[in-house]
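Here is what each chain is made of, one letter per residue.
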Amino acid sequence: MIHCERVTKSYPMGAGRKHVLRGVDLTVERGDHVGFLGRNGAGKTTLIKLIAGVELPTSGRIRRERSVSWPLGFGGGFQGSLTGYDNARFISRIYGLQYSQIRDFVEDFSELGVQLKMPVKTYSSGMRARLAFALSLAIEFDCYLIDEVIMVGDQNFLKKCHYELFEKRRDRALIFASHSAELVREFCDRALVIEQGHATLYPDVNEALDVYAAL
Amino acid sequence: MSSFAAGWRIQRRVIGALMIRELVTRFGRENIGFLWMMVEPLLFAGLVGILWRYMKGPEMHGVSVVAFVASGYIPLTLFRNSVGRSIRVFSVNGSLMYHRQIKVLDFIFVRFLIEMIGAMMAFLLIGTLLIFFDLFPVPADLGALLAGWFFFCLFTFSLCLVLAPLSELSDALEKLVPVTTYVMIPFSGVFNMTSWLTPQAQKVMYYSPFVHSMELMRYGIFGSRIDAQWDIFVPFAASILFLLIGLALCRRIRRHLVVE
């Protein structure tokens, strides 16, 4: 359902360019749970942004055949000066959904209480993660893109995410960037190791984790 | 056809959501809320109108000073605000790129739309008020007034579409915009009719797309009491040209846009 074909991405850096991705091929089908592994700055977040369509590849092609969520990460995706409720209203409007349903789900899932009436810029990163998860789970996507963020939550939040993502929505595709070997081993059935702009897909997660550990 | 209808539905939804988002961030929900968007053009047109009334007397070239100034200042604030709002619009709205149904043209258009609606509300209000006090004529030709307004808006928007991407490429542009919009006032036709000028100046004014729209608007308001002259081809051709350049530039900027 998601096909990346020879995707490259480079950014201007001084007089030259920094090549972050140098030709990545990847296919993710419905129900696949793919872990992205790589050191800081290897390009995990960049690849997730390209898959989400937040940024566009320098060359190559990305095809999405079903609905793909926005990247759930620490930053981005919110209007900081608006309250949690206003962000929920905005999301429900652009996705054409009933606000009351989204609101109920967000209140219940995020457990942010009165904080939802505060501007998002006043939130801690854990609170942002809660809101981001709540909003994207309130919309039924066929593929969820998760960038690290799951790890900032407390035990209770992690349990909820686990239930919503890996039990209730086990048939959906999931792309999950993380440094945590434990989480990747637990949740992913394949893993992509990104290094020096090249990406290698390992059908065996343990093998991928070994390669990653040796980087 | 059904995919076109679906696309249109999404488009309307996105524009509506972006408008509300922009209005809430800019004006909040306190006191008069979104009605603030017409306050600035209203105050400008009203206060400057009164100022001119006492500086220049009740009439100039046979038309009411207040009406002439009001009908000039509202398009002028529309132009100045829309141009100002389109600067750095890509970087400011980067977070919207998280949602694929939102395109860069949507938020450029929405910012312009808010200015346009605010200016139209102000125009309507001040016009009605002044007609009531007999300081503004009942529009002689409503069609001409609306057509003039349409071409003024079209050209302003096409200019925003060029300036928005250019402002991302060059920081200098941001600094140059306020002074440029000020210096262009004499070439905009908002405070004078072409027929009041010398033949030489008239020739120069012919190339200003704003002038033709303003003349048409003025004709719509004052009718034959003023000598209005316009050639709608000028603003139309200039708008089409700027729209095409703007679309190409926006596409280019979007490709290279870096989102946090």
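Residues numbered from 1 in each chain as written. Chains lettered and ligands numbered in written order. Predicted model: local features only at pLDDT ≥ 70, side-chain atom pairs only at ≥ 80, totals over all residues.

Undergrad: Would you mind showing me how to read the overall build of chain A here?
TA: A count of helical and extended segments in chain A gives 7 helices and 9 strands. What you see for chain A is a C-alpha radius of gyration of 17 Å, in line with the 17 Å of a compact globule of 215 residues. When contacts within chain A are restricted to residue pairs at least 6 apart in sequence, those whose partners lie at least 24 apart make up 67%. (Helix = DSSP H or I, 4+ residues; strand = E, 2+ residues; numbered from the N terminus. Rg over C-alpha atoms; globule rule 2.2 N^0.38 Å. Contact = placed C-beta atoms within 7 Å.)

Undergrad: Which parts of the structure should I look at to understand the confidence of the model for chain B?
TA: Should pLDDT be low for a region, the predicted coordinates there are not to be read in detail. When the pLDDT values of chain B are averaged, the result is 92; 100% of them are 70 or greater. Reported confidence for the predicted complex is 0.91 by ipTM and 0.91 by pTM. (pLDDT = per-residue confidence, 0-100.)

Undergrad: What is the right way to read the confidence of the model for chain A from this model?
TA: On average, chain A scores 90 in pLDDT, and the residues at 70 or more come to 97%. Element-level mean pLDDT values for chain A span from 85 in helix H5 (residues 155–168) of chain A up to 95 in strand S4 (residues 59–64) of chain A.

Undergrad: Please clarify how unusual backbone geometry should be interpreted in this entry.
TA: Apart from glycine, the bulk of residues carry a negative phi angle, and the bulk of peptide bonds sit in the trans form. Residue and element names in this part refer to chain A. At Arg-6, a position not held by glycine, the phi torsion is positive, near 45 degrees. Along the chain, Arg-6 turns up in strand S1 (residues 2–13). Even without being glycine, Gln-196 reaches a positive phi, approximately 55 degrees. Tracing the chain through its elements places Gln-196 in the loop between strand S8 (190–195) and strand S9 (198–202).

Undergrad: Can you walk me through the nonpolar core in this structure?
TA: Taken as a class, soluble globular proteins show a tendency for nonpolar side chains to be buried jointly. Judged by nonpolar contacts, the single largest core of 131 residues is most densely connected at A:Ile51, A:Leu145, A:Ile175 and B:Ala70. Take this core: its biggest share by element is 14 residues, from helix H6 (residues 142–169) of chain B. Excluding anything up to four places from it in sequence, A:Ile51 contacts A:Ile2, A:Cys4, A:Ile62, A:Val68, A:Leu145 and A:Ile175. (Core = buried A, V, L, I, M, F, W, Y, C linked by C-beta atoms within 7 Å. Buried ≥ 20, exposed ≤ 12 C-beta atoms within 10 Å, placed from the backbone.)

Undergrad: What exactly am I supposed to notice about the sheet that holds strand S3 (residues 33–37) of chain A here?
TA: Note: strands within a sheet are paired through backbone hydrogen bonds, in either parallel or antiparallel orientation. Residues and elements named next belong to chain A. In space, the 6 strands of this open sheet follow the order S5-S6-S7-S3-S8-S9, with mixed pairing throughout. Two strands in the sheet have a free side with no partner beyond their single neighbour: strand S5 (68–72) and S9. With direction set aside, neighbouring strand axes in the sheet form an average angle of 15 degrees. Note that strand S6 (residues 143–147) and strand S7 (residues 173–177) share 5 bridges and pair parallel. Residue Leu-145 lies in a different strand from S7, and its bridge partner there is Ile-175. Lying on the sheet, helix H1 (residues 44–52) is in contact with S3, S5, S6, S7 and S8; it crosses S5 at an angle near 150 degrees. (Pairing = 2+ DSSP bridges. Axes fitted to C-alpha atoms, helices over the stretch in contact; angles between N-to-C directions.)

Undergrad: I'm lost on helix H2 (residues 39–56) of chain B in this one. Help?
TA: Along an α-helix, a turn takes 3.6 residues, which lines up residues three or four apart on a common side. Residues and elements named next belong to chain B. With 18 residues, H2 extends 25 Å from end C-alpha to end C-alpha; this agrees with the ideal 26 Å at 1.5 Å per step. Listed as buried for H2 are Pro-41, Leu-42, Ala-45 and Gly-49. Around the axis of H2, the buried residues are gathered within 105 degrees of arc, so they sit on the same side. Opposite its buried face, H2 presents the exposed residues Leu-47, Tyr-54 and Met-55, each directed more than 90 degrees away. Among the structural elements, helix H3 (65–86) and helix H5 (104–132) are those in contact with the buried residues of H2. (Expected span 1.5 Å × (residues − 1). Arc of directions from axis to C-beta.)

Undergrad: How do you make sense of the packing of H5(B) against H6(B) when you look at a structure like this?
TA: The geometry of a pair of packed helices is captured by two quantities: the angle between their axes and the separation between those axes. Residue and element names in this part refer to chain B. One can describe the packing of H5 onto H6 by two numbers: an axis separation of 10 Å at closest approach and a directional angle of 145 degrees. For the element pair H5 and H6, the recorded crossing hand is right-handed. In this structure, H5 uses Ile-108, Phe-112 and Met-116 to contact H6, whose residues at the interface are Cys-153, Phe-157, Cys-160, Leu-161 and Ala-164. For the contact of H5 with H6, the class distribution of residues is 8 nonpolar, no polar and no charged. (Left-handed = near helix turned anticlockwise from the far one by under 90°. Nonpolar A, V, L, I, M, F, W, Y, C, P; charged D, E, K, R; others polar.)

Undergrad: Would you explain the environment of A:Ala208 in this entry?
TA: All names here are of chain A. In this structure, Ala-208 sits in helix H7 (residues 205–214). Assessed through the 24 C-beta atoms surrounding it within 10 Å, Ala-208 is described here as buried. When the C-alpha positions of Ala-208 and Leu-192 are compared, they lie 7.2 Å apart, and in sequence the two are 16 residues distant. With near-sequence residues (within four places) excluded, Ala-208 lies in contact with Leu-37, Ala-191, Val-193 and Tyr-202.

Undergrad: Can you walk me through the sheet that holds strand S2 (residues 16–28) of chain A in this structure?
TA: Residue and element names in this part refer to chain A. Strand order in the open sheet made by the 3 strands is S2-S1-S4, with antiparallel pairing throughout. The outermost strands of the open sheet, each flanked by one partner alone, are S2 and S4. Across the sheet, the axes of successive neighbouring strands diverge by a mean angle of 25 degrees, strand direction being ignored. On top of the sheet, H1 reaches S1, S2 and S4; it is set at about 120 degrees to S1, its chief contact.

Undergrad: Would you explain the interface of chain A and chain B in this entry?
TA: How big an interface is tends to be expressed through the accessible area that disappears when the partners come together. Listed per partner, the contact involves 19 residues of chain A and 20 residues of chain B. Looking at the side of chain A that touches chain B element by element, the count peaks at 4 residues for helix H2 (residues 84–94) of chain A. Of the residues belonging to the side of chain A that touches chain B, the class tally is 8 nonpolar, 7 polar and 4 charged.

Undergrad: Sorry if this is basic, but what is going on with helix H3 (residues 99–110) of chain A here?
TA: Residue and element names in this part refer to chain A. An ideal rise of 1.5 Å per residue puts 16 Å on 12 residues; H3 measures up with 16 Å between its terminal C-alpha atoms. If you check which residues of H3 are buried, you get Ile-102, Val-106 and Ser-110. One side of H3 holds all its buried residues, which, seen down the axis, span an arc of 35 degrees. The outward face of H3, more than 90 degrees from its buried face, is lined by the exposed residues Ser-100, Gln-101, Asp-104 and Asp-108.

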